[in-house]
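Remarks on the overall topology
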Amino acid sequence: MNNLTDVQHLAFAQESVESKEQADRWAQIKRKATIKGDRFALLHGDATTALKKVPDGSIHTCLTSPPYWSVRDYEADEQIGLEDSVEEYVERIVGVFRQVKRTLTDNGTAWLNIGDCYINGAKANGPKWQRNKQLALVPFRVAIALENDGWLVRNTVVWHKPNAMPSSAGDRLTNAWEPVFLLAKHERYYFNLDAVRVPHKTEDHVERRRALEGTADGKAKGQDELRRWLNSPRHRATIDGLKEVRRRPNAPLATELAAYLRAAAEQKGVSIKAVARTLDQPFERVRHYFRVDEIGARRPPEETWTTLKSLLDLDDRYDEAMAVEVGDNVFRNHPNGRNPGDVQPFSLTGGASDAKGHFAVMPPNLATWCLRASLPPGGICLDPFFGVGTTGSVALALGGRAVGVDVREDYLRFAAERFQPQPSGRGKRTK
Ligand SMILES: C[S@@+](CC[C@H](N)C(=O)[O-])C[C@H]1O[C@@H](n2cnc3c(N)ncnc32)[C@H](O)[C@@H]1O
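Residues numbered from 1 in each chain as written. Predicted model: local features only at pLDDT ≥ 70, side-chain atom pairs only at ≥ 80, totals over all residues. Heavy atoms only, no water.

1. As for the sheet that holds strand 5 (residues 152-160)
Taking strand neighbours across the sheet as the criterion, the nine strands line up as 1-2-9-8-3-4-6-5-7 in an open arrangement whose pairing is mixed. Of all strands in the sheet, those bounded by a partner on one side alone are strand 1 (35-36) and strand 7 (343-345). As paired strands, strand 4 (residues 104-113) and strand 6 (residues 177-184) are joined by five bridges and run antiparallel to one another. Across the sheet, residue Leu112 finds its bridge partner in strand 6, namely Phe181. The strands touched by helix 14 (residues 390-397) within the sheet are strand 2 (40-44), strand 3 (59-64), strand 8 (380-383) and strand 9 (401-406), with strand 9 carrying the most contacts at an inclination of about 170 degrees. Sitting on the sheet, helix 15 (residues 409-419) touches strand 1, strand 2 and strand 9, and the angle it makes with strand 2 is about 170 degrees. (Pairing = 2+ DSSP bridges. Helix = DSSP H or I, 4+ residues; strand = E, 2+ residues; numbered from the N terminus. Contact = heavy atoms within 4.5 Å. Axes fitted to C-alpha atoms, helices over the stretch in contact; angles between N-to-C directions.)

Next comes the structure, spelled out in structure tokens:
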């Protein structure tokens, strides 16, 4: 995957459909880059400062692993990680991520892998909680600070390290995982779940039997069976939403619809009680169709909507949105596989094995897994703590582009060398 000879064979799928604004932003990044190639731009310097050169809304996804607090000296001015207190460290990471957020497109995301450490020695003299032997909980302090700074934290992925270094401590367990946070800028964002789905554990017919013992054809017979299936955690984990039943996927917000119905009823001079009588439904239920508050508003069901339309002389503005999509209500697993879940094993091997002197290289498999879900075809991936460029080489291998920042120019140069196309003949694909 990480073999750059493969890159040459990958179509740069979306290049031709990029808007002029996006193309201009990419050109602007390249103009400011210290080192650049066709599909990568690397900026030397402190992340917060260097990212100011990257235009707003120009990056599709970010994947990064900053220096962990109090672990390693990168021997560079302005480096992050050697702050006296966790609080100062958290503040600096939040500062970098404020820039990351600015540079992301509105539907962009960021993956943040960050490790923990124990408080000991001189550091045990901080505020009350900073006692000797205390787990500092750095990743969670950072995640909470990022939430407070406007990010949406969507997942704490457990990166399980099957080959984690055993601990010599006799009074606690070996640390065999690290968190990888999935952060979003807004509620709606690009996420290609299909790209990371995994095979189902059971065949469809087994699922059906489990859900509906005694029903030969696996179809719901009545509301109770349907509800039982839809509410089961197994269903929620495996099924493709509610496609197989009747639903209105594009229905407007209940409050919006209620305001519309209320105005129509007033216009027509019809009271809610009269509507309830005509519908032959309890007033207590019907009044919710006319409540414009978020807690009380309810959308009328399918049959009721049809009656309301003629009763209140509704126009056709919501016809399409209220149209019901009918599936076959046969229970089945999602055709593209199961959601992989938020615990993922990636062994600590296979980073840039030739990454001279750089000891904190991200496993390429971890980077590939993240970027397959969050990097749109031809999109731009940012890593503000680029190191020797694992995230960049994976982004390129997936047909995307890479933007990297690092305080160590030698790391960036080393990464750029790896990105250059190999001489022809090496690593050619066989058919
Ligand atoms: C954990 S390493 C990243 C490794 C990278 N994921 C890889 O696979 O090569 C952290 C990197 O952050 C860089 N760094 C430290 N402080 C920085 C700062 N203030 N701005 C930008 N980069 C910094 C270090 O030089 C180091 O390369």
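Moving on, there is more to tell.
2. Quick word on the packing of aromatic side chains
Under the definition given, this model contains nine aromatic pairs. Measuring from centroid to centroid gives 6.3 Å for Trp111 and Phe191, while their planes differ by 45 degrees, and the two rings are tilted. Separated by 80 residues along the polypeptide, Trp111 in strand 4 and Phe191 in the loop between strand 6 and helix 6 (204-211) bring together distant segments of the chain. Each ring, one from Trp111 and one from Trp369, has its centre 6.0 Å from the other, and the planes form 55 degrees; the classification is tilted. Within this pair, whereas Trp111 is found in strand 4, its partner Trp369 is found in helix 13 (residues 364-374), the two being separated by 258 residues in sequence. This pair shows no difference in class: Trp111 is buried, exactly as Trp369 is. An aromatic cluster of at least three residues, connected via ring pairs, comprises Trp111, Tyr189, Phe191, Phe346 and Trp369. Between Arg141 and the ring centre of Trp129, over which it is positioned, the NZ or CZ distance is 3.7 Å. Taking NZ or CZ as reference, Lys161 lies 4.9 Å from the ring centre of Trp159, over its face. (Phe/Tyr/Trp six-rings, centres within 6.5 Å; stacked < 30°, edge-to-face > 60°. Buried < 20%, exposed > 50% of the residue type's maximum accessible area, 1.4 Å probe, protein only. Lys NZ or Arg CZ within 6 Å of the ring centre and 35° of its normal.)

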